[in-house]
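Per-entry structural report
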Amino acid sequence: MTSLSALAVRVLEEPDAARKARLSHEAAALWRASNGDMPIGDIPPPDRPARPARPKLLPPAEMPRRRGQSDEARATLLHAVQHIELNAIDLAWDMVARFPHENLPRAFYDDWVRVGDEEARHFELLANRVGELGFTYGDFPAHDGLWEAAMATREDLGARLAVVPMVLEARGLDVTPAMITRFGKIGDEKSAAILNVILTDEIGHVAIGSSWFHYFCEKRALDPAESWRELVQKNFKGLLKPPFNDDARSVAGLPEEYYRPLAATLPQKQTKKRKF
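Our next topic: the packing of helix 3 (residues 71-98) against helix 7 (residues 189-219). The geometry of helix 3 relative to helix 7 is characterised by a closest axis approach of 12 Å and an angle of 30° between their N-to-C directions. Accordingly, the angle class assigned to the pair helix 3 and helix 7 is roughly parallel. For the pair helix 3 and helix 7, the sense of crossing is left-handed. Two secondary-structure elements touch here, helix 3 through Leu78, Val81 and Glu85 and helix 7 through Ser191, Leu195, Ile198 and Glu202. Residue composition of the contact of helix 3 with helix 7, grouped by class: four nonpolar, one polar and two charged.

What follows is the structure, given as structure tokens:
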């Protein structure tokens, strides 16, 4: 029987985006079918996952603005979310394979396998919709900011949990409702419905990150709110920028007392670097 880490690395090393999503589903199905018998394993993940030749990756500050109501304008916006979801597939499976030395319970792996499976579904939903609009993944530029955060936290589970689900994915809770409203106003109910699915699932993903971050802090007798702020200040380059979706964040286990003080104290000169 293969190991879970071997399945994770297989996903991470697949360069084709559509096949990466399929492998994510397959790995999740194999893990669930094993009924707890599959070993976790200890196969190191690559520092960077394999990627297709396209899209062209630009610095966040150089990304073109996404405006208008044309098929191309809508596809461009959805493509940006699609790129985030591709990164999210890799981030979930990297979480599975990156920290075997932490001796984490199987429930940790159950949760992140679920996340990887759902992120793959999001990518496929968006791929289908972008295709209906006449485009495909890679037709528009994207940026690499999400994986920069993964690289910065690759040696620290607490930092990874604090930054990736509780900062970057939480940002999705803030910005997705406005995108849903935008598509609804122009009558694009298909795109709005897909984003609603993603928003609902991402609340669960942030909740998973928050739950395991609190587990991490409890095991080390750390104050979770104080530790979260310290880890974010140390490992995240950018400003936690309002408006915040306080209701969704609260449902996900991320209370205001965590992030609002930090948003007020990070240096203002960093504002232009914040593009999530």
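What follows is about the pattern of salt bridges. Within the structure shown, the criterion is met by 22 salt bridges. Notably, a salt bridge pairs Arg19 with Glu14, separated by 3.5 Å at the nearest N-O pair. Put simply, Asp174 and Arg249 hold a salt bridge, and the shortest N to O gap is 2.7 Å. Residue Asp174 is found in helix 6 (residues 157-185), and its partner Arg249 is found in helix 9 (residues 246-251); the two are separated by 75 residues along the sequence. One salt-bridge network, held together by shared partners, links Asp71, Arg74, Arg129, Glu132, Asp188 and Lys190.

Attention now moves to the side chain of Glu14. In this structure, Glu14 sits in the loop between helix 1 (4-12) and helix 2 (17-33). Of note is the side chain of Glu14, whose polar atom sits 2.9 Å from the backbone nitrogen of Asp16. In this view, Glu14 contacts Arg19, Lys20, Leu23 and Ala50; residues no more than four positions away in its chain are not counted.

Core analysis: the largest hydrophobic core is formed by 78 residues, its most contacted members being Leu4, Trp93, Trp112, Trp228 and Leu240. Sort the elements by how many residues they give to this core and helix 6 lands first, with 13 residues. Beyond its immediate stretch of four places on either side in the chain, Trp228 contacts Ala162, Met166, Val167, Phe213, Leu240, Leu254, Tyr258, Tyr259 and Leu262.

Any aromatic ring pair is given by two values, namely how distant the centres are and how the planes are angled relative to each other. Tallied over the full model, the rule gives eight aromatic pairs. Seen from their ring centres, Phe123 and Tyr137 are 5.6 Å apart, and the 75° between their planes marks the pair as edge-to-face. Of this pair, Phe123 sits in helix 4 (residues 106-132) while Tyr137 sits in the loop between helix 4 and strand 2 (142-143), and the two are 14 residues apart along the sequence. Comparing Phe123 with Tyr137, the two get one shared label, buried. Considering the side-chain rings of Trp228 and Tyr258, the 5.8 Å spacing of their centres and the 55° angle between planes classify their relative orientation as tilted. A residue pair is termed long-range when its members are at least 10 positions apart, and Trp228 in helix 8 (residues 224-235) and Tyr258 in helix 10 (residues 256-265) qualify at 30 residues. Taken together, the ring pairs connect Phe108, Tyr109, Trp112, Trp212 and Tyr215 into an aromatic cluster. Sitting over the ring of Tyr259, Arg249 keeps its end group 4.3 Å from the ring centre.

So, how was this worked out
- Residues numbered from 1 in each chain as written.
- Predicted model: local features only at pLDDT ≥ 70, side-chain atom pairs only at ≥ 80, totals over all residues.
- Heavy atoms only, no water.
- Axes fitted to C-alpha atoms, helices over the stretch in contact; angles between N-to-C directions.
- Helix = DSSP H or I, 4+ residues; strand = E, 2+ residues; numbered from the N terminus.
- Parallel < 35°, antiparallel > 145°, perpendicular 65-115°, else oblique.
- Left-handed = near helix turned anticlockwise from the far one by under 90°.
- Contact = heavy atoms within 4.5 Å.
- Nonpolar A, V, L, I, M, F, W, Y, C, P; charged D, E, K, R; others polar.
- Salt bridge = Lys/Arg side-chain N within 4 Å of Asp/Glu carboxyl O.
- Polar contact = N/O pair within 3.5 Å; in protein donor to acceptor, adjacent residues only side chain to side chain.
- Core = buried A, V, L, I, M, F, W, Y, C linked by side-chain atoms within 4.5 Å.
- Buried < 20%, exposed > 50% of the residue type's maximum accessible area, 1.4 Å probe, protein only.
- Phe/Tyr/Trp six-rings, centres within 6.5 Å; stacked < 30°, edge-to-face > 60°.
- Lys NZ or Arg CZ within 6 Å of the ring centre and 35° of its normal.

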